[in-house]
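Chain by chain, the residues run as shown.
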Amino acid sequence: MRGSPRVHLTVTPAAATGTLVAYLYDVDLLGTGRLVTHAPYTWLSGGRQVLDLALPATAWNVPAGHRLALVLDTEDPLYFDANPYGASISVSGPSWVDVPLR
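Just so it is clear, the structure is predicted and the values come from calculations on it, not from any experiment.

**Student:** Honestly, the environment of Val71 in this entry has me stumped. Any pointers?
**Tutor:** By the secondary structure assignment, Val71 is in strand S7 (residues 67-73). Judged by relative accessible area, which is 34%, Val71 ranks as partly exposed. Residue contacts for Val71: discarding those within four places in its chain leaves Val21, Ala22, Tyr23 and Tyr25.

What follows is the structure, encoded as structure tokens:
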């Protein structure tokens, strides 16, 4: 993988404002993940959101037998968030991850 992975998500938040953090992991055969790249996204208006998020560029070799996993979270101690307490987010289609290959 060489370049900036892109995440396309369709989300419906329960609150008008919120933050989502997308993480891309390399997961080995035992289920242990190594963080490849990540990025936050904050919205300030409610309703269905279509997010196109470019993750920071990376150069990562995914070994044979490993897989990539996308993890979504609403809290990360590195970032301030705009999530009201107890608010939920639903992810629906169409959603995908575009991984640049060399």
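**Student:** Mind showing me how you'd approach the UniProt feature "domain: Xaa-Pro dipeptidyl-peptidase C-terminal" (unreviewed entry) in the protein chain here?
**Tutor:** In this numbering, the UniProt entry assigns the feature "domain: Xaa-Pro dipeptidyl-peptidase C-terminal" (unreviewed entry) to residues 2-92. The straight-line gap between the two end C-alpha atoms of residues 2-92 is 28 Å; of that span, 0% is helix and 55% is strand.

**Student:** Could you clarify how one ought to interpret the side chain of Asn83 in this entry?
**Tutor:** Tracing the chain through its elements places Asn83 in the loop between S7 and strand S8 (89-98). Owing to a relative accessible area of 19%, Asn83 belongs among the buried residues under this scheme. Looking at Asn83, its side chain comes within polar contact range of the main-chain oxygen of Thr74, at 2.6 Å. Ignoring anything within four residues of it in the chain, the contact list for Asn83 reads Thr17, Gly18, Thr19, Thr74 and Glu75.

**Student:** What's the story with the packing of aromatic side chains in this structure? I'm lost.
**Tutor:** The relation between two aromatic rings is expressed through the spacing of the ring centres and the mutual angle of the planes. Scanning the model with the defined rule gives one aromatic pair in all. Consider the rings of Tyr23 and Tyr25, whose centres lie 6.3 Å apart with planes at 35°: the pair is tilted. Tyr23 gets classed as buried once you look at its relative accessible area, which sits at 8%.

**Student:** What should I look at first to understand empty space enclosed by the protein in this one?
**Tutor:** Space left empty within the atom packing is revealed by a probe, the size of a water molecule, rolled over the atoms. On inspection of all chains with the given rule, the structure shows one cavity of 30 Å³ or more. A volume near 40 Å³ is recorded for the largest cavity. When its residues are assigned to classes, the lining of the largest cavity shows seven nonpolar, five polar and no charged.

Parameters and conventions
- Residues numbered from 1 in each chain as written.
- Predicted model: local features only at pLDDT ≥ 70, side-chain atom pairs only at ≥ 80, totals over all residues.
- Heavy atoms only, no water.
- Helix = DSSP H or I, 4+ residues; strand = E, 2+ residues; numbered from the N terminus.
- Buried < 20%, exposed > 50% of the residue type's maximum accessible area, 1.4 Å probe, protein only.
- Contact = heavy atoms within 4.5 Å.
- UniProt positions renumbered as here; feature names shortened; annotations may be inferred.
- Polar contact = N/O pair within 3.5 Å; in protein donor to acceptor, adjacent residues only side chain to side chain.
- Phe/Tyr/Trp six-rings, centres within 6.5 Å; stacked < 30°, edge-to-face > 60°.
- 1 Å grid on protein atoms, 1.4 Å probe; cavity = no way out; pocket = protein on both sides within 12 Å on 5 of 7 lines; lining within 4 Å.
- Points joined across faces, edges and corners; volume = space filled by probe spheres on them.
- Nonpolar A, V, L, I, M, F, W, Y, C, P; charged D, E, K, R; others polar.

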